[in-house]
Amino acid sequence: MDDAIRAEGLVKQFGATRALDGIDLSVPRGTVFGLLGPNGAGKTTAVRILATLLAPDAGQAWVDGFDVVTEAATVRSRIGLTGQYASVDEKLTGRENLILIARLLGFSRRDARARAGELLAEFGLEDAAHRPVQTYSGGMRRRLDLAASLVGQPRILFLDEPTTGLDPRARLDLWNLIRQLVAQGTTVLLTTQYLEEADSLADEIVVIDQGRVIASGTSDQLKARIGGQTLVLAPEQESDLATALSIVTEIVGREPEVDGARLQVPASDPALVPAVVRRLDESGIVARELTLRGASLDDVFLTLTGRHASVETPADDAEVAP
Amino acid sequence: MSSLQQTLTLAWRSLLQLRRNPWELMDFSIQPILFLLLFLYVFGGAVAGSTAAYLDFILPGVIVMNLVFVTVYVGHGLNTDLTRGVFDRFRALPIARWSPLAGRILADMVKQAWCVLLLLVVGFLLGFRLGAPVSGVLVMLALLLVFAFAMSWIMVLVGVVARDPEHVQLFGFTALFPVTFLSNVFVPLDTLPPFIRAVVAANPVSLLAEASRGLLSGGPVLEPALWSLVWAGTITVVFAPLSLWALNRRLARS
Ligand SMILES: Nc1ncnc2c1ncn2[C@@H]1O[C@H](COP(=O)(O)OP(=O)(O)O)[C@@H](O)[C@H]1O
Ligand SMILES: [Mg+2]
């Protein structure tokens, strides 16, 4: 078995909800694998099964060649897990949290202190090392959580929505940390609701929806299927909507979707924007919003399934700094 | 690292939490002392004629009452770990499956022993003197810890079932108040109306308090001690499997 992570036909049912409905995955060693999907797609359930926290109802999975059900103890010695919500002890300090994990992993008292010190420095937490985690910001908690899953230098790392709820700055910091790990040879499986995140980190992306794989490939392959970018236009006067619609349809060559007072249409050519601006100007229409934005998970969804994804906005997430 | 060492490490972690959280330490250190002082000086004259005479009676009673209340922390801590994901972090580590729970219960035993000794020292400062051999203190401590261990299993169940740590506390204390007050902790059995006497006499809190009084000041020990152990055994036999079943069920569904 060559893959770092492999799953075949994973099924998990919670009451009436089929959280996973036959998922196959294979993650080559030393790569970053992105599990992309909207809220409720089954990402956390998949990660929890792979990390031995949950048994599948059907199907099989292997991590580092070991069966996650029958050889769970061995699997646990090979993996690091950072769950969707920071799972560090709020009442202990950052340093104590790391020492605790190191001791449980069999480090001597001395080695545990040394390893904790190393990680605190690496994750920029030295100044906060002696403070209880309760006082940490959301970004610091996430970093400590990630550090805690790296104490034993696992070869395979699971990151469940590692940046949900973080501000853009903290998100970039975390991306860099993940890139460093990958450079050292760690295999990473990360879940995310953001195409942009999967795009910038993952070698291979699998899109899941309602417990099923609906697309897979590299980021470029996925984007090629969607058409790259989306033109968004909102006229100042709602009465101009119909005119704006016909202008956009004519220039882009495709009828935009109307979303309230907004028009959206896939548009891969940036030169379309000046053309639209000119025609609006001629017709005396003032635009409240006119942008060309990169494809989002929602666009992937719309293209693949014909419906919108219910993506949580970062601000809705429970994981914000106190 | 052996599973015993893992358990000790996890118990150390629970105790370390106290250092960072002085309120909890206050809760189970200052509160029983306040209880002791209040009951002693408010009821002492009325119940026993003098505070000095009442001290012999109330000190073991408060020790037992506090023991029962402190077991709530097992459920509270377990629920906190479950709801905050810390329990999952432990479960994803290559350590013995039972060590997180064992560590928590072990830490609770340490807290319990601390409370008993603290109350004995405060009692001593208030004028309490042993009327029985010193070895009685050790026997009492052992008896109390056995009972606390049994109670821990009930609290594990509460901790597993409750939605959040606040509900553990709410439910735990609400359920334990009648149990501790329908006992002979504050007043002797024979002052109670006959219709509740049977209930109070069979209450393990009464039995433990009576055995403790015997061990500290002299009086009947064997019978109440044996009945206390019967209670502890029964509670453990019923609640340990039930709690573990509930815990596994919760883990399998989350
Ligand atoms: N413990 C549970 N009990 C009941 N339903 C659950 C449970 N965990 C997850 N689900 C349901 O399973 C589906 C997948 O959930 P999850 O794996 O958490 O998705 P994601 O992480 O992609 O948001 C959702 O519909 C969710 O409501
Ligand atoms: Mg999730």
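Bear in mind the structure is a predicted one, so any value in this text is a computation, not a measurement.

(A) The arrangement of the site of ligand 1 in detail. Around ligand 1, 13 residues are found, and the nearest of them are G40, K43, T44 and T45 of chain A together with R253 of chain B. Those chains with residues close to ligand 1 are chains A and B. Here a nitrogen atom of ligand 1 and a backbone polar atom of R253 of chain B are 2.4 Å apart. Contact with the protein chains covers 67% of the free accessible surface of ligand 1, which is 550 Å². Examining the composition of the shell around ligand 1, we find that 3 residues originate from one element, helix α1 (residues 43-50) of chain A, more than from any other.

(B) Representation of the interface of chain A and chain B within the structure. Across the boundary between the two partners, chain A contributes 33 residues, which contact 28 residues of chain B. Buried area between chain A and chain B, both sides added, is near 2,600 Å², and the carbon and sulfur share of it is 60%. When the buried surface of chain A facing chain B is broken down by residue, R76, K91 and L104 of chain A rank first, second and third, together holding 28% of it. Between chain A and chain B we count 4 salt bridges in total. Between R48 of chain A and D88 of chain B there is a salt bridge; the shortest N-O distance is 2.8 Å. Our count for the chain A to chain B interface comes out at 9 residue pairs in polar contact (both at pLDDT 80 or more).

(C) Seen up close, unusual backbone geometry. All names here are of chain A. The phi dihedral of E161 is positive, around 45°, even though this residue is not glycine. Relative to the assigned elements, E161 resides in the loop between β7 (156-160) and α6 (168-183). In the Ramachandran plot, Q210 falls in the positive-phi region, its phi being about 45° despite a non-glycine side chain. Looking at where Q210 falls in the secondary structure, it is placed in the loop between β9 (204-209) and β10 (212-217). For Q210, a relative accessible area of 53% translates into the label exposed.

(D) Structural view of the pattern of salt bridges. This model, assessed by the stated rule, comprises 20 salt bridges over all chains. A salt bridge links D3 of chain A to R6 of chain A; the nearest nitrogen and oxygen atoms lie 3.1 Å apart. By relative accessible area, R6 of chain A is classed as partly exposed at 27%. The closest approach of N and O atoms between D88 of chain B and R91 of chain B, which form a salt bridge, is 3.3 Å. Note that D88 of chain B and R91 of chain B are positioned in helix α5 (residues 86-91) at a spacing of 3 residues, about one turn of the helix. A relative accessible area of 8% places R91 of chain B in the buried class. Several salt bridges converge on common partners, so that one network encompasses D89 of chain A together with R13, D81 and R104 of chain B.

(E) Spatial organisation of the coordination of the magnesium ion (ligand 2). Residues and elements named next belong to chain A. Donor atoms from the polypeptide that bind the magnesium ion (ligand 2) are T44 (OG1) and Q84 (OE1), placed at 1.9 to 2.2 Å. Within this pair, whereas T44 is found in helix α1, its partner Q84 is found in the loop between β6 (79-82) and α3 (94-104), the two being separated by 40 residues in sequence. Accessibility expressed as a relative area gives 26% for T44, which makes it partly exposed. Accessibility expressed as a relative area gives 12% for Q84, which makes it buried.

(F) How the structure looks around the side chain of S228 of chain B. With respect to the secondary-structure elements, S228 of chain B resides in helix α11 (residues 222-252). For S228 of chain B, a relative accessible area of 2% gives the class buried.

(G) Seen up close, a nonpolar patch on the surface. Residue and element names in this part refer to chain B. A contiguous nonpolar surface patch, about 450 Å² in accessible area, is contributed by W23, M26, I30 and L34. With respect to the helices, strands and loops of the structure, M26 is situated in helix α2 (residues 22-48). A relative accessible area of 40% means that M26 is categorised as partly exposed.

(H) Highlighting the domain arrangement of chain A. Each assigned domain of chain A is listed with its residue range as follows: domain 1 (5-223) and domain 2 (226-320). Here domain 1 of chain A and domain 2 of chain A have C-alpha centroids that lie 34 Å from each other.

(I) Representation of α1 of chain A within the structure. For α1 of chain A, the tally of buried residues reaches 7 of 8 residues, placing the bulk of the element in the interior. At the C-terminal side of α1 of chain A, T52 of chain A shows a positive phi close to 70°.

(J) Seen up close, the sheet that holds strand β2 (residues 17-27) of chain A. Residue and element names in this part refer to chain A. Spatially, β2-β1-β4-β5 is the arrangement adopted by the 4 strands of the open sheet, whose pairing is antiparallel. Every interior strand has two partners, whereas the edge strands, β2 and β5 (66-67), have only one. As paired elements, strand β4 (residues 58-63) and β5 share 2 bridges and run antiparallel to each other. Looking at the pairing, V63 lines up with F66 of β5.

(K) Inspection of the sheet that holds strand β14 (residues 287-294) of chain A at higher detail. Residue and element names in this part refer to chain A. Judged by pairing direction, the sheet is antiparallel, and its 4 strands sit side by side in the order β12-β13-β11-β14 without closing on themselves. The open sheet is flanked by β12 (257-259) and β14, the only strands paired with a single partner. In this sheet, neighbouring strand axes are inclined to one another by 20° on average, regardless of whether the strands run parallel or antiparallel. One ladder, built from 7 bridges, connects strand β11 (residues 229-235) with β14; its direction is antiparallel. Of the residues in β14, the one forming a bridge with L233 is L290. Against the sheet, helix α9 (residues 241-252) touches β11, β12 and β13 (262-266), its axis set at about 10° to β13. Lying on the sheet, helix α10 (residues 272-282) is in contact with β11 and β14; it crosses β14 at an angle near 170°.

(L) Seen up close, the packing of aromatic side chains. Scanning the model with the defined rule gives 9 aromatic pairs over all chains in all. Measuring from centroid to centroid gives 5.1 Å for F69 of chain B and F177 of chain B, while their planes differ by 50°, and the two rings are tilted. Taken together, the positions of F69 of chain B in helix α3 (residues 51-70) and F177 of chain B in helix α8 (residues 165-181) put the pair 108 residues apart, joining distant regions of the chain. One aromatic cluster is present, formed by F35, F39, F43, F69, F173, F177, F181 and F186 of chain B through successive ring pairs. Just above the ring of Y194 of chain A sits the side chain of R171 of chain A; from NZ or CZ to the centre is 4.5 Å.

What counts, and where the lines are drawn
- Residues numbered from 1 in each chain as written.
- Chains lettered and ligands numbered in written order.
- Predicted model: local features only at pLDDT ≥ 70, side-chain atom pairs only at ≥ 80, totals over all residues.
- Heavy atoms only, no water.
- Near = heavy atom within 4 Å.
- Polar contact = N/O pair within 3.5 Å; in protein donor to acceptor, adjacent residues only side chain to side chain.
- Areas by Shrake-Rupley, 256 points an atom, 1.4 Å probe, with all protein chains shown as cover.
- Helix = DSSP H or I, 4+ residues; strand = E, 2+ residues; numbered from the N terminus.
- Contact = heavy atoms within 4.5 Å.
- Buried area = accessible area lost by both parts, 1.4 Å probe.
- Salt bridge = Lys/Arg side-chain N within 4 Å of Asp/Glu carboxyl O.
- Buried < 20%, exposed > 50% of the residue type's maximum accessible area, 1.4 Å probe, protein only.
- Donors = N, O, S within 2.8 Å, 3.2 Å for Na, K, Ca; no water.
- Patch = residues over 30% accessible without salt bridge, like charges linked within 9 Å, V, L, I, M, F, W, Y side chains within 5 Å.
- Domains from an automatic or database assignment.
- Pairing = 2+ DSSP bridges.
- Axes fitted to C-alpha atoms, helices over the stretch in contact; angles between N-to-C directions.
- Phe/Tyr/Trp six-rings, centres within 6.5 Å; stacked < 30°, edge-to-face > 60°.
- Lys NZ or Arg CZ within 6 Å of the ring centre and 35° of its normal.

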